[in-house]
Amino acid sequence: MSTTRPLSRTLLKVCGATAPQDIEAAAAAGADCVGLWHGVPGGPSELDPDGLAALAAAARSAGLLPVLVTFLADARELTAIVRRSGAGWVQLHAYQPPAVVRALREALPAEVGIVKVLHVDEAGGCVERPLIGAYERAGTDLFLLDTATGDGRIGSTGAALDPGRLTALLPRLTRPFLLAGGLTPANRPAYEDVVRHTGFRGVDVDTAARDRTTGRFGVPEIAALARAWRTGTSVPDHPQLELSR
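Residues numbered from 1 in each chain as written. Predicted model: local features only at pLDDT ≥ 70, side-chain atom pairs only at ≥ 80, totals over all residues. Heavy atoms only, no water.

Q: Could you clarify how one ought to interpret the overall build of the protein in this entry?
A: Scanning the protein from N- to C-terminus turns up 8 helices and 10 strands. For the protein, the residues scored as buried account for 54% of the 245 residues in total. Relative to all contacts within the protein whose residues are 6 or more apart in sequence, the contacts with residues 24 or more apart total 69%. By element, 53% of the accessible surface of the protein is carried by carbon and sulfur atoms, the whole surface being about 9800 Å². (Helix = DSSP H or I, 4+ residues; strand = E, 2+ residues; numbered from the N terminus. Buried < 20%, exposed > 50% of the residue type's maximum accessible area, 1.4 Å probe, protein only. Contact = heavy atoms within 4.5 Å. Areas by Shrake-Rupley, 256 points an atom, 1.4 Å probe, with all protein chains shown as cover.)

As structure tokens, then:
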């Protein structure tokens, strides 16, 4: 995907919408993208195909980019789901190999972005580190740096990444990236070096985007994230939020 419009602001993706009111809150608070889970076994925000398609349509109507977040690794199945749902991006949030990325890139329209999660543990290790170049060559448009906990949990763990350890991984990337993992308005200053990196494009948040009482996305919570993290680092304008390869 090539950048065709002026870059504007740090991208804010909120993840795990399960109902129309989540879409409404995300749009009202100034988010850019909303993550919709499908193919995440046992996930608290898992959607069936009909629910996925309905919320993706609601997101588009609200001016948000719907992102399919999945653990699935069958490229043919994923292609069918993306086409049916109308997702603008597909986020591979497990340990799918580069071959899956390549198959998706060949099957999907160029305007559909492919996001590959890189899992970073508490010691700064990244299991996908030896494959970063292969993921890039296969057609990954964007990486997402997220936490893998010591007990093996991945995705919406609420566990923060050590910013000092992250900086050692960044020189390996030639694609832009999003940052995830326990991000809040309060810990934004700790990631100053990461935010200043030329590849930084924005943040992906689940836990801190939610009202503590209801568990649903909250307008004040998302608005606070937007204020804290939008520092002038830029992403292209919606609707496609195109990111240069």
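Q: Explain the sheet that holds strand β9 (residues 200-205) to me, please; I cannot follow it from the model alone.
A: For sheets, the rule is that strands pair by backbone hydrogen bonds, running either parallel or antiparallel. With parallel pairing, 8 strands are arranged side by side around a closed barrel as β2-β3-β4-β5-β6-β7-β8-β9. Each strand axis lies, on average, 30° off the axis of its neighbour in the sheet, ignoring direction. (Pairing = 2+ DSSP bridges. Axes fitted to C-alpha atoms, helices over the stretch in contact; angles between N-to-C directions.)

Q: When you look at the confidence of the model for the protein in this model, what are you seeing that I'm missing?
A: Note that predicted coordinates carrying low pLDDT should not be read in detail. For the protein, per-residue confidence averages 87 on the pLDDT scale, and 84% of positions sit at 70 or higher. Low pLDDT, under 50, characterises residues 232-240; the predicted model gives this stretch 38 contacts beyond four residues in sequence or across chains. (pLDDT = per-residue confidence, 0-100.)

Q: Please clarify how helix α1 (residues 20-29) should be interpreted in this entry.
A: Because an α-helix packs 3.6 residues into every turn, residues spaced three or four apart end up facing the same way. Every buried residue of α1 is accounted for by Asp22, Ile23, Ala25, Ala26 and Ala29. Along the axis of α1, the buried positions cluster into a sector of 165°, meaning they face one direction only. Exposed residues pointing more than 90 degrees away from the buried face of α1 are listed as Glu24 and Ala28. The inward-facing, buried residues of α1 contact β2 (11-15), β3 (33-37), α2 (49-61) and α8 (219-229). Phi turns positive one or two residues past the end of α1, at Gly30, with a value near 95°. (Arc of directions from axis to C-beta.)

Q: Whenever I open this one, the side chain of Lys13 confuses me. Can you help?
A: Position of Lys13 among the secondary structure elements: in strand β2. Lys13 sits in the buried class, given a relative accessible area of 0%. Only 3.1 Å separates the side chain of Lys13 from the side chain of Gln91, close enough to count as a polar contact. Residues within four places of Lys13 in sequence aside, it is in contact with Cys33, Gly35, Val67, Val69, Gln91, Val203, Asp204 and Val205. (Polar contact = N/O pair within 3.5 Å; in protein donor to acceptor, adjacent residues only side chain to side chain.)

Q: Looking at this structure, I do not really get the environment of Ser45. What am I missing?
A: Its place among the elements puts Ser45 in the loop between β3 and α2. Put simply, Ser45 and Gly35 are 10 residues apart on the chain and 9.6 Å apart in space, counted from C-alpha to C-alpha. Sequence-distant contacts of Ser45, that is, excluding residues within four places in its chain, are made with Gly16, Ala17, Thr18, Trp37 and Arg210. A distance of 3.3 Å separates the side chain of Ser45 from the backbone oxygen of Gly16, its partner in a polar contact.

Q: Can you walk me through the side chain of Asp206 in this structure?
A: With respect to the helices, strands and loops of the structure, Asp206 is situated in the loop between β9 and α8. Within polar-contact distance, the side chain of Asp206 engages the side chain of Arg210 at 2.6 Å.

Q: What is the right way to look at the pattern of salt bridges in this model?
A: It is possible for side chains of opposite charge to pair when their charged atoms get near one another. For the structure shown, the criterion picks out 9 salt bridges. A salt bridge links Arg105 to Asp141, with the shortest nitrogen-to-oxygen separation between them at 2.9 Å. Of this pair, Arg105 sits in helix α4 (residues 98-107) while Asp141 sits in the loop between α5 (132-138) and β7 (142-147), placing them 36 residues apart in sequence. Judged by its relative accessible area of 12%, Arg105 falls in the buried class. Relative accessible area serves as the criterion here: at 1%, Asp141 is assigned to the buried category. By sharing partners, the salt bridges in this structure join Arg188, Glu192 and Arg196 into a single network. (Salt bridge = Lys/Arg side-chain N within 4 Å of Asp/Glu carboxyl O.)

Q: Looking at this structure, I do not really get α4. What am I missing?
A: Looking at α4, one finds that the buried residues are Pro98, Val100, Val101, Leu104 and Arg105. Down the axis, α4 shows its buried residues gathered within 155° of arc, on one side only. Opposite the packed face of α4, turned more than 90 degrees from it, sit the exposed residues Ala99 and Glu106. Buried-residue contacts for α4 involve α3 (75-85), β5 (89-92), β6 (113-120) and α5.

Q: What exactly am I supposed to notice about the packing of aromatic side chains here?
A: Given two aromatic rings, one states the distance between the centres and the angle between the planes to describe the pair. Per the stated rule, a full pass over the model turns up 2 aromatic pairs. An angle of 65° between the planes, with centres 6.0 Å apart, marks the rings of Phe177 and Phe200 as edge-to-face. A residue pair is termed long-range when its members are at least 10 positions apart, and Phe177 in strand β8 (residues 177-179) and Phe200 in strand β9 qualify at 23 residues. Looking at Phe200, the relative accessible area reads 0%, which means it is buried. Ring geometry for Tyr191 and Trp229: centres 5.9 Å apart, planes at 45°, overall tilted. Of this pair, Tyr191 sits in the loop between β8 and α7 (192-195) while Trp229 sits in helix α8; the two residues are 38 residues apart in sequence, bridging distant segments of the chain. Given a relative accessible area of 1%, Trp229 falls into the buried group. Arg188 extends its terminal NZ or CZ atom over the ring of Trp229, reaching a point 5.8 Å from the ring centre. (Phe/Tyr/Trp six-rings, centres within 6.5 Å; stacked < 30°, edge-to-face > 60°. Lys NZ or Arg CZ within 6 Å of the ring centre and 35° of its normal.)

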